[in-house]
Amino acid sequence: MWPNGSSLGPCLRPTNITLEERRLIASPWFAASFCLVGLASNLLALSVLVSARQGSSHARSSFLTFLCGLVITDFMGLLVTGTIVVSQHAALFDWQAVDPGCSLCHFMGVIMVFFGLCPLLLGAAMASERYLGITRPFSRPTAASQRRAWTTVGLVWAAALALGLLPLLGVGRYTVQYPGSWCFLTLGAEPGDVAFGLLFTLLGSLSVGLSFLLNTISVATLCHVYHGQEAAQQRPRDCEVEMMAQLTGIMVVASICWMPLLVFIAQTVLRSPPAMSPTGQLSRATEQQLLIYLRVATWNQILDPWVYILFRRAVIRRLHPRLSTRPRSLSLQPQLTRRSTMQ
């Protein structure tokens, strides 16, 4: 409960919006259209992924498993959060009337954190898988690659869910955010709010940073092999280039969409004097900034499937005709083997 608002539930705090403003911006059509575009994009990518998995190699099958996990996560995130947001638009953002006990708000807060962190964590897991596949091709048994990939996806989901449940255990709080259509972590000065906000930011930023580091090494290794002395015999297979192009695109999209929100959360919870008043109120500018950064982050779920759809070999060959359409029998393994015997 907020100090001056005994009539408000634990997730409800004062917001800078009038009833007239609610009526002006409460049309659900924009939110519904945004959600439908994202769902259609992810369904299209999922259908392409299912067909691509047939007859794929062990390494590519493992990578496609991670992509399937990413697309399923993005699809479910848009479906669940979009349904709640559209319903709140239809209710004129009157969250207290719809959810006086804050059960729906707590649920939405958990899934917002879950579906927000999962793409970043999966991007780091995919970068690690490709790093090992390119630089340590003999270090992993290929027979269990697909099963191991699904296990990793499951662990990522479990880790993101565990973090999302922390506010329900007393670490941080989920509250209704401006204009009243969604719930998210609280940008307050309470120790729990600060700890949870920084934990969310740190985990997301580390995932992006790890993806950048490992992808940079993987791309450098591919370029070294491609332009090496034995490039004519030992160039990377087209699928290696395709996977790294897709993974790099996913990393760039995630960085552009999520880093502004992560930085904003860290800056706000660490601000002195606190950005949130003791009554739970944020300035209008802060609330609008948070909404804008959240909308930018949501684009990640729409753009991810298009990265896979557009960065396939058929498209890459049109942009880079030197990539042969003939399958290559040798990848990175011969070059790395020769390098190790020389040491």
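Please read these numbers as outputs of a predicted model, since none were measured by experiment.

Definitions and limits used
- Residues numbered from 1 in each chain as written.
- Predicted model: local features only at pLDDT ≥ 70, side-chain atom pairs only at ≥ 80, totals over all residues.
- Heavy atoms only, no water.
- Helix = DSSP H or I, 4+ residues; strand = E, 2+ residues; numbered from the N terminus.
- Buried < 20%, exposed > 50% of the residue type's maximum accessible area, 1.4 Å probe, protein only.
- Phe/Tyr/Trp six-rings, centres within 6.5 Å; stacked < 30°, edge-to-face > 60°.
- Axes fitted to C-alpha atoms, helices over the stretch in contact; angles between N-to-C directions.
- Parallel < 35°, antiparallel > 145°, perpendicular 65-115°, else oblique.
- Left-handed = near helix turned anticlockwise from the far one by under 90°.
- Contact = heavy atoms within 4.5 Å.
- Nonpolar A, V, L, I, M, F, W, Y, C, P; charged D, E, K, R; others polar.
- 1 Å grid on protein atoms, 1.4 Å probe; cavity = no way out; pocket = protein on both sides within 12 Å on 5 of 7 lines; lining within 4 Å.
- Points joined across faces, edges and corners; volume = space filled by probe spheres on them.
- Expected span 1.5 Å × (residues − 1).
- Salt bridge = Lys/Arg side-chain N within 4 Å of Asp/Glu carboxyl O.
- UniProt positions renumbered as here; feature names shortened; annotations may be inferred.
- Core = buried A, V, L, I, M, F, W, Y, C linked by side-chain atoms within 4.5 Å.

Examining the overall build of the protein
Step number 1: Check the secondary structure of the protein and you find twelve helices and two strands.
Step number 2: Overall, the protein shows an N-to-C arrangement of helices and strands of α-α-α-α-α-α-β-β-α-α-α-α-α-α.
Step number 3: Here the protein holds 343 residues, and the buried ones make up 49% of them.

With respect to the packing of aromatic side chains
Step number 1: According to the stated counting rule, one finds eight aromatic pairs in the structure shown.
Step number 2: Between the aromatic rings of tryptophan 182 and phenylalanine 184, the centroid separation amounts to 5.9 Å while the plane-to-plane angle is 35 degrees, which identifies the pairing as tilted. As far as burial versus exposure is concerned, tryptophan 182 and phenylalanine 184 are alike and both buried.
Step number 3: When the centroid spacing of 5.8 Å and the interplanar angle of 85 degrees are considered together, the rings of phenylalanine 184 and phenylalanine 200 count as edge-to-face. Taken together, the residues span a long stretch of sequence, with phenylalanine 184 in strand β2 (residues 182-185) and phenylalanine 200 in helix α7 (residues 191-226) at a distance of 16 residues. Comparing phenylalanine 184 with phenylalanine 200 shows no difference in burial state: the two are buried.
Step number 4: Three or more aromatic residues link up through ring pairs in this structure, and these residues are Trp182, Phe184, Phe200 and Trp258.

A few points about the packing of helix α2 (residues 29-52) against helix α10 (residues 284-310)
Step number 1: Here α2 crosses α10 at 30 degrees, and the two axes come no closer than 9 Å. With respect to each other, α2 and α10 are oriented roughly parallel. Seen along the crossing, α2 lies across α10 with a hand that is left-handed. Along its contact with α2, which presents Phe34, Val37, Gly38, Ser41, Asn42, Leu44, Ala45, Val48, Leu49 and Ala52, the element α10 presents Thr298, Trp299, Gln301, Ile302, Pro305, Trp306, Tyr308 and Ile309.
Step number 2: Grouping the amino acids of the contact of α2 with α10 by side-chain chemistry returns 13 nonpolar, five polar and no charged.

A closer look at empty space enclosed by the protein
Step number 1: Summed over the entire model, instances satisfying the criterion amount to one cavity of 30 Å³ or more.
Step number 2: Its boundaries defined by the atoms lining it, the largest cavity holds a volume of some 60 Å³.
Step number 3: Contributions of two or more residues to the lining of the largest cavity are made by α5 (103-135), α7 and α9 (238-269).
Step number 4: Considering every element that reaches the lining of the largest cavity, the biggest residue donor is α9, with five residues.
Step number 5: When its residues are assigned to classes, the lining of the largest cavity shows seven nonpolar, four polar and no charged.

Considering α2
Step number 1: Look at α2: 34 Å from first C-alpha to last across 24 residues, which is about the 34 Å you get at 1.5 Å a residue.
Step number 2: Every buried residue of α2 is accounted for by Ala31, Phe34, Cys35, Gly38, Leu39, Ser41, Asn42, Ala45, Val48 and Leu49.

Some details on the pattern of salt bridges
Step number 1: Per the stated rule, a full pass over the model turns up three salt bridges.
Step number 2: In this structure, the salt-bridge partner of arginine 130 is glutamate 129, at a minimum N-O distance of 3.0 Å.
Step number 3: Under the relative-accessibility criterion, arginine 130 is labelled buried at 1%.

Here we look at the UniProt feature "transmembrane region" (unreviewed entry) in the protein
Step number 1: UniProt tags residues 29-51, 63-86, 106-128, 149-174, 194-226, 247-270 and 290-311 as "transmembrane region" (unreviewed entry).
Step number 2: Between the first and last C-alpha atoms of residues 29-51 the distance is 33 Å; the span itself is 100% helix and 0% strand.
Step number 3: The straight-line gap between the two end C-alpha atoms of residues 149-174 is 32 Å; of that span, 62% is helix and 4% is strand.

Concerning the nonpolar core
Step number 1: Core analysis: the biggest nonpolar cluster contains 75 residues, and Met108, Trp182 and Phe200 have the highest contact counts within it.
Step number 2: Among the elements that take part in this core, α5 stands out by supplying 17 residues, more than any other.
Step number 3: Setting aside residues up to four positions removed in sequence, methionine 108 forms contacts with Thr81, Ile84, Val85, Trp95, Ser181, Trp182 and Cys183.
Step number 4: Phe34, Cys35, Leu39 and Ile302 belong to the second-largest nonpolar core, a separate cluster that totals five residues.

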